[in-house]
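Architecture at a glance
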Amino acid sequence: MQQTAERPTIRLLDGRRMQCKDIPDELVCDVVRRTPAPWPPSPGTVPWRMRWDVQTALEAVTGPLPEKLFLAKISKLFAKKLLNGCVPRRLSPVRGVRLRVLLR
């Protein structure tokens, strides 16, 4: 029977739980920029990226990230107005989140 790999629920960094502050904001924004858009953007707009594509690309750089940690980091970047997108009222791992980097 084939088993699927489960995402970690916590990740330790130097013997403590990894937190949002351990993932640099600029790294996440760069990963969002580099992640291919699932469809071409409309003229004059910034292309969207899907949350799961961004998380996969970020994990290629940082290693496995718990779902809640990734979503918490994205929420913090929304609050800092470094990212925006289309999100449900409450970030949910079940629903898709479309992301884009705000250029300043």
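In short, a report on the structure. (Residues numbered from 1 in each chain as written. Predicted model: local features only at pLDDT ≥ 70, side-chain atom pairs only at ≥ 80, totals over all residues. Heavy atoms only, no water.)

1. Overview of the overall build of the chain
- A count of helices and strands for the chain gives 3 helices and 5 strands.
- Shown N-terminal to C-terminal, the secondary structure of the chain runs as helices and strands in the order β-β-α-β-α-α-β-β.
- Going through the 104 residues of the chain one by one, you find that 32% of them count as buried.
- The contacts of the chain with a sequence gap of at least 6 include a subset with a gap of at least 24, amounting to 52%.
- With the model as given, the accessible surface of the chain reaches about 7100 Å², and the carbon-plus-sulfur share is 55%. (Helix = DSSP H or I, 4+ residues; strand = E, 2+ residues; numbered from the N terminus. Buried < 20%, exposed > 50% of the residue type's maximum accessible area, 1.4 Å probe, protein only. Contact = heavy atoms within 4.5 Å. Areas by Shrake-Rupley, 256 points an atom, 1.4 Å probe, with all protein chains shown as cover.)

2. Observations regarding the pattern of salt bridges
- On inspection of all chains with the given rule, the structure shows 6 salt bridges.
- Residues Arg 16 and Asp 22 are paired through a salt bridge, measuring 2.8 Å at the closest nitrogen-oxygen approach.
- Between Lys 80 and Asp 25 there is a salt bridge, and its shortest N-O distance comes to 2.6 Å. Of this pair, Lys 80 sits in the loop between helix H3 (67–79) and strand S4 (83–86) while Asp 25 sits in helix H1 (residues 25–34), placing them 55 residues apart in sequence.
- You can call Lys 80 partly exposed: its relative accessible area is 47%.
- What makes Asp 25 partly exposed here is its relative accessible area of 21%. (Salt bridge = Lys/Arg side-chain N within 4 Å of Asp/Glu carboxyl O.)

3. Quick word on the side chain of Arg 49
- Here Arg 49 is to be found in strand S3 (residues 49–50).
- At 8.4 Å, Asp 53 is the nearest oppositely charged side chain to Arg 49, a buried residue that forms no salt bridge.
- Polar side-chain contacts of Arg 49 include one of 2.9 Å to the backbone oxygen of Arg 33.
- Engagement of the side chain of Arg 49 in a polar contact is seen with the backbone oxygen of Thr 35, the distance being 2.8 Å. (Lys, Arg positive; Asp, Glu negative; His and termini not counted. Polar contact = N/O pair within 3.5 Å; in protein donor to acceptor, adjacent residues only side chain to side chain.)

4. With respect to H1
- The complete set of buried residues in H1 reads Val 28, Cys 29, Val 31 and Val 32. Looking straight down H1, one finds that the buried residues subtend no more than 160° of arc, so they occupy a single side. (Arc of directions from axis to C-beta.)

5. Examining helix H2 (residues 51–62)
- Taking 1.5 Å of rise per residue, 12 residues should cover 16 Å, and H2 covers 16 Å from first to last C-alpha, within 8% of that figure.
- Turning to H2, its buried residues number three or more, namely Arg 51, Val 54, Gln 55, Leu 58, Glu 59 and Thr 62. Projection of H2 onto a plane perpendicular to its axis shows the buried side chains occupying an angular sector of 135°, all on one side.
- Immediately downstream of H2, the backbone of Gly 63 shows phi near 95°, a positive value. (Expected span 1.5 Å × (residues − 1).)

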